[in-house]
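# Commentary on secondary and tertiary structure
So you can see what is in the structure, the chains are spelled out below.
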Amino acid sequence: MVGVSLHFGPIATLPYWLRAHGIVLTSVRTPAIDYLQGLTNYQFSLSPPDVPVFLSTSEIGSRPRSSIRKILGPAGRLGLLVDVDRGKQFYVRFEDHLFRMASGPIRLAQMLNADLVPVLIVETSTWKYTIHFGSPVPQHYLDSPPDMQAIGTHLLQEFSKVITRYPEQCNMRLLRAMCPLPENGVADLSAVVQAAENP
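As a starting point, this report considers the structure included with it. Just so it is clear, the structure is predicted and the values come from calculations on it, not from any experiment.

## Observations regarding the side chain of glutamate 158
Along the chain, glutamate 158 turns up in helix α6 (residues 148–163). Separated by 3.0 Å, the side chains of glutamate 158 and lysine 161 make a polar contact. Not counting residues up to four positions away in its chain, the partners in contact with glutamate 158 are Pro118, Gly134 and Ser135.

## What about the nonpolar core?
Counting 35 residues, the largest nonpolar core has Val2, Leu6, Phe8, Leu116, Leu155, Phe159 and Ile163 as its most contacted members. Of all the secondary-structure elements, those providing two or more residues to this core are β1 (2–5), β4 (78–81), β5 (89–94), β6 (97–102), α5 (104–112), β7 (116–125) and α6. Sequence-distant contacts of phenylalanine 159, defined by excluding residues within four places in its chain, comprise Val4, Ser5, Leu6, Val82, Pro118, Val119 and Leu120. Core analysis: the second largest hydrophobic core is formed by seven residues, Ile11, Leu25, Val117 and Val119 among them.

## A closer look at α6
Because each turn of an α-helix spans 3.6 residues, side chains separated by three or four positions end up pointing in the same direction. Given a rise of 1.5 Å per residue, 16 residues ought to cover 22 Å, and the 22 Å separating the end C-alpha atoms of α6 matches this to within 8%. What α6 keeps buried is the set Met148, Ala150, Ile151, Gly152, His154, Leu155, Leu156, Glu158, Phe159, Ser160, Val162 and Ile163.

## Comments concerning the sheet that holds strand β8 (residues 128–133)
Here we have six strands laid out as an open sheet, ordered β3-β2-β4-β1-β7-β8, and mixed in their pairing. The outermost strands of the open sheet, each flanked by one partner alone, are β3 (54–56) and β8. If you compare each strand with its neighbour and ignore which way they point, the axes differ by 30° on average. The pairing of β1 with β7 spans three bridges and is parallel.

## Some remarks on the pattern of salt bridges
Under the counting rule described, the total for this entry stands at one salt bridge. Ionic pairing is found between glutamate 158 and lysine 161, a salt bridge with its closest N-O pair at 3.0 Å. One end of the pair, glutamate 158, and the other, lysine 161, are both in helix α6, three residues apart, so they sit about a helical turn from each other.

## Structural notes on the sheet that holds strand β9 (residues 178–180)
Taken in spatial order, the three strands of this open sheet run β5-β6-β9, and their pairing is antiparallel. The open sheet has two edge strands with one neighbour each: β5 and β9. For this sheet, the mean angle separating the axes of adjacent strands, direction not counted, is 25°. Its contacts with the sheet place α6 against β5 and β6, and it is angled at close to 60° to β5.

The rules we used
Residues numbered from 1 in each chain as written. Predicted model: local features only at pLDDT ≥ 70, side-chain atom pairs only at ≥ 80, totals over all residues. Heavy atoms only, no water. Helix = DSSP H or I, 4+ residues; strand = E, 2+ residues; numbered from the N terminus. Polar contact = N/O pair within 3.5 Å; in protein donor to acceptor, adjacent residues only side chain to side chain. Contact = heavy atoms within 4.5 Å. Core = buried A, V, L, I, M, F, W, Y, C linked by side-chain atoms within 4.5 Å. Buried < 20%, exposed > 50% of the residue type's maximum accessible area, 1.4 Å probe, protein only. Expected span 1.5 Å × (residues − 1). Pairing = 2+ DSSP bridges. Axes fitted to C-alpha atoms, helices over the stretch in contact; angles between N-to-C directions. Salt bridge = Lys/Arg side-chain N within 4 Å of Asp/Glu carboxyl O.

Right under this line is the structure:
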């Protein structure tokens, strides 16, 4: 399973809460910036050696599929964010916005022949959290070549079920992944995409 999430709610705690409930998932993150290296090293030291809590994006990118499966163990669960601004991106029209989405988690799910499942965590009150699992992306969307627009639309529909109930928990990084569509409507989104990429 490849669980995909957004910068929403207390996202940094998601891997720990999942593990506390017996769902072993390895999160993929970028290498730490210098001033956070000590904290990152400490977090990595807490990872059990059999199935790590975190893997670096550089570790994932440089390993063959069999090696990734071996690291993940029998459960084989990865967690990634789709609203990051690195790697290959694509844009999905959703309601009255254009949403920028990373294609890496989708390509990884396709490569591993894994389910692609939307997952969000919300804080419902002080120190009370709820983890929401959306319905998996239909497998035929992940066929080769993957239908990126259908996948993106499915994920956004599932995420919106939670986000509309807790809009105050949107992180700035999530908000930066969205831009409004022009009021007059646009048949060709390339101009909007270009403006979004070059503010």
